[in-house]
Amino acid sequence: MPLEILIFACPLLLASAGALYSEYTGTLALFLEGLITLSAFLTFTFTTVTHSFLAASLITTIIITLLAFLWGFIIEKTKANPFIASLGLNLLFAGVTSLLSALIFNTRGVLSSPDFFFTKNQVAVYSVIITVIFIAIGGYVLFFTQKGIYFRTTGTENQVLLIKGINTSIYRISSWAITGTFAAQAGTLLAMRISSFVPNISAGRGWMALAAVYLGKKKLWKIVLFALIFCGADYFGANIQNFIPGIPSAILIALPYLTVFLLSLL
């Protein structure tokens, strides 16, 4: 059971770890929900084109990272409000996903393909390996390097860094790119888990990732803990009917979001 919850939590863990960078720079990535969905769609699409899941995952990660970097650059240079802009981007990414699905596959519904099928063991191994590697590297850079110090102080000590001659703009822009990289992998894992793409595949995980960052108070271990709690509730809700039939499905679907709400009150 604990291992299954860990595997189930991998996409949320990745999204939360990526969002931590943007939180530290004061540009919290509110576009995560839409970007995760777009990433899942691109992974599916490129897998059907290249017939290689690994190639598709790499291409998707590059595109999403560059896309997030580009928007971060535009917003930084235009001095736009990053929070309002990222909310707009969230809607844009969701709309683009739906449009591309209609143009490429002639449907806005569920997408499946023989080229995009994975066994339970393949999902488990890939999910854990990718999550551990990304979080370990991301955590090391953020908390044990000089660049990480700049990331962590850009949002709170911006003027101090500027006086030292450090360009804080690049850290704000880069934080969105890093968030995009992690979101790309989160979307890839979600699509891989069900061997298909479905609309709104992120199912609120982008928002839960932001909640985990908020509740974790910028401490990576706390963020991981809250992400596991959220996913534990989600896993419980998805499987409890196997043991206790008759529970209204609406309550079970709302369980992880109710957990987020209750924890936010503490």
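Calculation criteria
- Residues numbered from 1 in each chain as written.
- Predicted model: local features only at pLDDT ≥ 70, side-chain atom pairs only at ≥ 80, totals over all residues.
- Heavy atoms only, no water.
- Helix = DSSP H or I, 4+ residues; strand = E, 2+ residues; numbered from the N terminus.
- Buried < 20%, exposed > 50% of the residue type's maximum accessible area, 1.4 Å probe, protein only.
- Areas by Shrake-Rupley, 256 points an atom, 1.4 Å probe, with all protein chains shown as cover.
- pLDDT = per-residue confidence, 0-100.
- Salt bridge = Lys/Arg side-chain N within 4 Å of Asp/Glu carboxyl O.
- Contact = heavy atoms within 4.5 Å.
- Expected span 1.5 Å × (residues − 1).
- Polar contact = N/O pair within 3.5 Å; in protein donor to acceptor, adjacent residues only side chain to side chain.

> Looking at this model, I keep getting lost on the overall build of the protein. Mind explaining?
Within the protein, the regular secondary structure consists of 11 helices and zero strands. Secondary structure of the protein in N-to-C order comes out as α-α-α-α-α-α-α-α-α-α-α. In the protein, which comprises 266 residues, the proportion classed as buried is 52%. For the protein, the exposed surface amounts to about 12600 Å²; the carbon and sulfur share of it is 72%.

> Sorry if this is basic, but what is going on with the confidence of the model for the protein here?
As a note on interpretation, predicted positions should not be read in detail where pLDDT is low. Put simply, the protein has an average pLDDT of 89, and 89% of its residues get 70 or more. Taken element by element, the protein is modelled with least confidence in helix α11 (residues 249-264), mean pLDDT 67, and with most confidence in helix α2 (residues 32-50), mean pLDDT 96.

> Whenever I open this one, the pattern of salt bridges confuses me. Can you help?
Once their charged atoms are close, side chains differing in charge can pair, the charge on each being opposite to the other. What the rule picks out here adds up to one salt bridge. One salt bridge connects Glu-76 with Arg-172, and the closest N-O pair in it is separated by 2.7 Å. Here Glu-76, found in helix α3 (residues 53-78), pairs with Arg-172, found in helix α8 (residues 168-194); they are 96 residues apart in sequence, far enough to count as distant. Arg-172 carries the same exposure label as Glu-76, and that label is buried.

> I keep staring at the side chain of Arg-172 and nothing clicks. Help me out?
Taking the relative accessible area as the measure of exposure, Arg-172 reaches 18% and is therefore buried. Once residues lying within four places of it in the same chain are set aside, the contact partners of Arg-172 are Thr-25, Thr-27, Glu-76, Thr-154 and Asn-158.

> In this structure, what is going on with α8? I would like to understand it.
Quick reminder: α-helices carry 3.6 residues per turn. Residues three or four places apart thus point the same way. Here α8 is 27 residues long and its end C-alpha atoms lie 40 Å apart, about the 39 Å a rise of 1.5 Å per residue gives. Burial within α8 is extensive, with 23 of its 27 residues counted as buried. The N-cap residue of α8 is Asn-167: its side-chain oxygen and the backbone nitrogen of Ser-169 are 3.1 Å apart. A positive phi of about 55° marks Ser-195, the residue just after α8.

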